[in-house]
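Descriptive analysis of the structure
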Amino acid sequence: MQRFTISLDDALARQFDELIAAKGYENRSEAVRDLIRSRLGDANLAAPQAHAASTPAAVHPWCVATVSYVYDHHDQTVARRVLDLQHEHHDLVVSSLHTHLDHHDCLETAVLRGPATSVQAFAERLVALRGVRHGAVHRVPLAAEEHAHTHAHGTHEQHRHLKPLS
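Residues numbered from 1 in each chain as written. Predicted model: local features only at pLDDT ≥ 70, side-chain atom pairs only at ≥ 80, totals over all residues. Heavy atoms only, no water.

**What about the overall build of the chain?**
Definition in use: Going along the chain from the N terminus, every DSSP run of H or I of four or more residues is numbered as a helix, and every run of E of two or more is numbered as a strand. For the exposure calls, accessible area comes from a 1.4 Å probe over protein chains only, and a residue counts as buried if that area is under 20% of its type's maximum, exposed if over 50%, partly exposed in between. Contacts are assigned to residue pairs with any non-hydrogen atoms lying within 4.5 Å of each other.
Within the chain one finds four helices and five strands. Among the 166 residues that make up the chain, the fraction classed as buried is 24%. Contacts in the chain between residues at least 24 apart in sequence constitute 55% of all its contacts with a sequence separation of at least 6.

**Brief notes about the packing of aromatic side chains**
Definition in use: Centre distance within 6.5 Å is the pairing criterion for rings of Phe, Tyr and Trp, where only the six-membered ring of Trp is used; planes under 30 degrees apart are then read as stacked, over 60 as edge-to-face, and the remainder as tilted.
Per the counting criterion, the structure on display carries one aromatic pair. Where Tyr 69 meets Tyr 71, the ring centres are 6.2 Å apart and the plane angle is 25°; that geometry is what we call stacked. With a relative accessible area of 0%, Tyr 69 lands in the buried category. By relative accessible area, Tyr 71 is classed as buried at 5%.

**Observations regarding unusual backbone geometry**
At His 134, a residue that is not glycine, the phi angle is positive and equals roughly 55°. Its location among the elements puts His 134 in strand β4 (residues 133–144).

**Examining the pairing of strand β2 (residues 93–100)**
Put simply, the rule reads: At least two DSSP bridges between two strands are required for those strands to pair.
Looking at chain direction, β2 and strand β3 (residues 105–115) are connected through seven bridges and run antiparallel. In the strand pairing of β3, Val 93 is matched with Leu 112. Between β2 and β3, which pair antiparallel in sequence order, lie four residues.

**As for a nonpolar patch on the surface**
This is how it is decided: In this analysis, a patch consists of residues with relative accessible area above 30% that form no salt bridge, clustered at 9 Å for like charges and at 5 Å for the nonpolar side chains Val, Leu, Ile, Met, Phe, Trp and Tyr. For every accessible area listed, the method is Shrake-Rupley and the probe measures 1.4 Å; residues are considered covered only by the protein chains on display. Definition used for salt bridges: Asp or Glu carboxyl oxygen within 4 Å of a side-chain nitrogen of Lys or Arg.
A grouping of Phe 4, Ile 6, Leu 8, Leu 12, Ile 36 and Leu 40 is seen on the molecular surface, where their side chains present a nonpolar patch of about 580 Å² in accessible area. Within the secondary structure, Leu 12 sits in helix α1 (residues 10–23).

**What about the nonpolar core?**
A general trend in soluble globular proteins is that nonpolar side chains are found buried together. Our working definition: As used in this record, nonpolar core signifies buried Ala, Val, Leu, Ile, Met, Phe, Trp, Tyr and Cys residues forming a set joined through side-chain atoms within 4.5 Å.
Val 67, Tyr 69, Leu 112, Phe 122 and Leu 126 are the most contacted members of the largest nonpolar core, which has 21 residues in total. With near-sequence residues (within four places) excluded, Phe 122 lies in contact with Leu 85, Gln 86, His 89, Leu 92, Val 93 and Leu 112.

**Brief notes about the packing of helix α3 (residues 76–88) against helix α4 (residues 116–128)**
What counts is decided by this rule: Convention adopted: a line fitted to C-alpha atoms gives each axis, helices being fitted over their contacting stretch, and angles between N-to-C directions are expressed from 0 to 180 degrees. What sets the label is the angle itself: under 35 degrees gives roughly parallel, over 145 gives roughly antiparallel, 65 to 115 gives roughly perpendicular, and the rest give oblique.
Across the interface, α3 lies against α4 with an axial gap of 10 Å and an inter-helix angle of 170°. By the angle between their axes, α3 is roughly antiparallel relative to α4. Taken together, the residues of α4 that come into contact with α3 (itself represented by Val 82, Leu 85, Gln 86 and Glu 88) are Phe 122, Arg 125 and Leu 126.

Next comes the structure, spelled out in structure tokens:
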């Protein structure tokens, strides 16, 4: 583990300490690590070609994501549009959770996995559907393990696992 020192003016340090307390971090280091992971993940997803020299998978990085949205389930046209779009992109949709909020409104959260640009495009289309409200997307960049391997169970095909960037 490496250590580094940063300097903050008093007002910024106070605001940071208030954020740490509000979010439940145990210390400044944990909060700084999360901020760095977040910014590195954003940079990886936003400009993957910049990292192409470091890893071939970075040219087309993958991610996992959740996209959550609310819609009126009594409006059968919006329900049909949501389902049709999910079926059109069955290669990206891992699962979805449907939660009844009241007599009309439902919250749905879909878990997505695939190339970051495809996942983002699909999530944006889903949130933009007429009748969908309160849409939000959260993406987590993935990196392939360096070495392919096999497992003792099942098929003995070589494969790599995708892991969240640390």
